[in-house]
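# Examination of the molecular architecture
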Amino acid sequence: MSTHPSSYEPRSGVAKWMDERLPVARLMHGQFVDFPTPRNLNYLWTFGGILTFVLGVQLLTGIVLAMHYVPSAGGAFDSIEHIRRDVNYGWLLRNLHAVGASMFFFAVYVHIFRGLYYGSYKAPREVLWIIGVIIYLVMMATAFLGYTLPWGQMSFWGATVITNFFSAIPLVGESVVQWLWGGYAVSGVTLNRFYSLHYLLPFVLVGLVALHIWALHVTGQNNPTGIEPQTRSDTVPMSPYAISKDMFALAVFIILFAWFVFFMPDYLGHADNYNQANPLVTPSHIVPEWYFLPFYAILRAVPSKLGGVVAMVGAIAILVFVPWLDTSRVRSTKYRPLYFWFFWAFVFTCLALGYLGAKPAEGVYVTWARVFTFYYFAHFLIVMPIVGVIETPTGMPRSISDDVLGKGNGGSALSPATAAAAAEKR
Amino acid sequence: MSSHAEEPTRRDFLTIAGTAFAAVGGAMALWPFIAQMNPDASTQALASVEIDLTPVKAGQAITVMWRGKPVFIRNRTPEEIEKAAATPVGELPDPESDLQRVKKGRENWLVLVGICTHLGCIPKGQSLADMKGDYGGWFCPCHGSHYDLSGRIRKGPAPRNLEVPAYEFVEDTKIRIG
């Protein structure tokens, strides 16, 4: 696909002059206008575009919020209220940014599970997948740093608990944590450096997203059948087909986004964060933002400090190895009758861990958190390698066109005549 | 480059030596950018505080700030001391006797950094109405660690006992922490 030639034809004299010196328009045309996309992409494939949009919203709202925010222990909390009440449209910008973080994670989770269901991580897309995992990690770091900035009780104690993860490192842990804090506890010094890094990381994300898209355009997109496009009739040009589908999905997504921004901006936050940070009082029930809850449940499920931190980090790091843990010859779970059930068990596990992460760490909640933590890891380390070997995939079509036209399901013979007819219909 | 193995030349030596110097120089240039994040001089200057203990009656506890961290000072009653001292040390996750955690002759004063050794929350147990956990000392609400009347971890995910900061009695009723 990288060798796909651009059909760009400069129309004006200026365009021709530019094309001979810096062919940006030619590159864009080749990669985003007549780039061949599988013709059977469903709406789950629109989340890449949605994520790019949300990243743009976060950058734009973040840059203007930074014009009014005061990054100091004395001023941060008040400046957020100042933004909400006094700054022109400050309420809107702040709500867009806070809700935007949640929307970003909602979209990224759909995107990740899409990849897991359709085997988008399998060869030759391993590097594409790993860049995605790195993007997810940087997103988590950015979201954590950003949540510290309002300097409420949850900001302060969330920062304390999460920076303390590093104190679990043997020998140097304590020094590392003091280095992160710039003191002996989380303080205004910590807030300033978190602000600096929170401004930096989104630009790192932009660079990583560029690499992610580059890798995507080298291998081409996966699709619901998991079969590579073989003929021209298996693909359609990105514009207008994929672009218009993306735009429609984006419009629907923006309605959801706007619903939260205008009608329930604080629903996804925590009331304790409207109390100013107090280093002497820990809230009775510390919970992270909803998008971190499954990992928080894993942390608390392990009855040892180092073990809990290792399990939590491992839960994310294990995603890197998925391309090699899955031994199946078939990409798409659609044609994997056994793995299908394990996939949905895994989705349920993640949701259950999210629920348990929000509950107090006691009694039956801990027991269940341990059960689901076990399955979380078992899914990757036991289910993926074994099921891929023992299962017989069924119902694979011969090509994307066959699947779209409802022919040849079950891998039945397809005569050359019908194949030609299918191609003609294009 | 010829295809057969050759003796290292002067140029090979210069390349390796030059690269090594550039690497060392690069690392040294990087150091100030890393070290600037460590606690600064003004933070370190707050390293010691003096506390007057006169108003703290037996059974009471106060919280003071030291290095931006809360320090719990508890004036233990004779029964509490007895209970803490009677605990079999061998059964503890982080074995320390009560005597190792107080000053000899002033066993009633228990001085602790009030930060859970798990993930840094402030345990409950300083005020009378607080939950004090299963062992009558402190209870960390974040992840459920129980500390006893000597500040030792008894139950829950915390790996170590509550830290006893370096402190000394400058007078009978005054201590200096740090």
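Cut-off values and rules
Residues numbered from 1 in each chain as written. Chains lettered and ligands numbered in written order. Predicted model: local features only at pLDDT ≥ 70, side-chain atom pairs only at ≥ 80, totals over all residues. Heavy atoms only, no water. Pairing = 2+ DSSP bridges. Helix = DSSP H or I, 4+ residues; strand = E, 2+ residues; numbered from the N terminus. Axes fitted to C-alpha atoms, helices over the stretch in contact; angles between N-to-C directions. Disulfide = S-S within 2.5 Å. Buried < 20%, exposed > 50% of the residue type's maximum accessible area, 1.4 Å probe, protein only. Contact = heavy atoms within 4.5 Å. Buried area = accessible area lost by both parts, 1.4 Å probe. Salt bridge = Lys/Arg side-chain N within 4 Å of Asp/Glu carboxyl O. 1 Å grid on protein atoms, 1.4 Å probe; cavity = no way out; pocket = protein on both sides within 12 Å on 5 of 7 lines; lining within 4 Å. Points joined across faces, edges and corners; volume = space filled by probe spheres on them. Domains from an automatic or database assignment.

### Digging into the sheet that holds strand E6 (residues 145-148) of chain B
Residue and element names in this part refer to chain B. Pairing is antiparallel across the open sheet formed by three strands, whose spatial order is E5-E6-E7. Every interior strand has two partners, whereas the edge strands, strand E5 (136-140) and strand E7 (153-155), have only one. The average angle at which neighbouring strand axes cross in this sheet is 35°, direction not considered. Of the strand pairs in this sheet, E6 and E7 are connected by two bridges, and their pairing is antiparallel. Its bridge partner being in E7, Tyr 147 is matched across the sheet by Ile 153.

### Some words on the state of the cysteines
All names here are of chain B. The full count for this structure, using the stated rule, is one disulfide over all chains. Each sulfur in the disulfide pair Cys 121 and Cys 142 lies 2.1 Å from the other. Disulfide Cys 121 to Cys 142: torsion about the S-S bond roughly -105°, handedness left-handed. Taken together, the residues Cys 121 in the loop between strand E4 (109-113) and E5 and Cys 142 in the loop between E5 and E6 connect sequence positions 21 residues apart. For Cys 121, a relative accessible area of 1% corresponds to the buried category. For Cys 116, which is in no disulfide, the shortest distance to another cysteine sulfur is to Cys 140 and amounts to 3.8 Å.

### Overview of the sheet that holds strand E8 (residues 167-171) of chain B
All names here are of chain B. With antiparallel pairing, three strands are arranged side by side in an open sheet as E1-E9-E8. Edge positions in the sheet fall to strand E1 (49-52) and E8, since each has one partner strand and no second. If you compare each strand with its neighbour and ignore which way they point, the axes differ by 30° on average. As paired strands, E8 and strand E9 (residues 174-177) are joined by four bridges and run antiparallel to one another. Residue pairing for E9: Phe 169 is matched across the bridge by Ile 175.

### Considering the interface of chain A and chain B
Across the boundary between the two partners, chain A contributes 25 residues, which contact 27 residues of chain B. Across the interface of chain A and chain B, roughly 2300 Å² is buried in total on both sides, 63% from carbon and sulfur atoms. Broken down residue by residue, the surface that chain A buries against chain B is led by A:Trp179, A:Tyr184 and A:Lys305, which jointly contribute 34%. Taken together, chain A and chain B are joined by zero salt bridges.

### Description of the layout of surface pockets
All names here are of chain A. Each pocket or cavity is described by its volume, and for the second largest pocket that value is around 970 Å³. Along the wall of the second largest pocket there are 37 residues; nearest its centre are Ala 141, Phe 144, Ile 162, Phe 165 and Phe 166. Those elements that provide at least two residues to the lining of the second largest pocket are helix H6 (126-148), helix H7 (153-163), helix H9 (188-219), helix H11 (293-301) and helix H12 (305-317). A domain split of the lining of the second largest pocket shows at least three residues from each of domain 1 (1-8 + 25-286) and domain 2 (296-393).

### Some thoughts on the domain arrangement of chain A
A common way to express how large an interface is: the accessible area buried when the components associate. Residues and elements named next belong to chain A. Domain parsing of chain A yields domain 1 (1-8 + 25-286) and domain 2 (296-393). Of note, the centres of domain 1 and domain 2, computed from C-alpha atoms alone, are 23 Å apart. Opposite the 29 residues of domain 1 that make contact, domain 2 presents 31 residues. Carbon and sulfur atoms make up 68% of the area that domain 1 and domain 2 hide from each other, which totals about 2600 Å².

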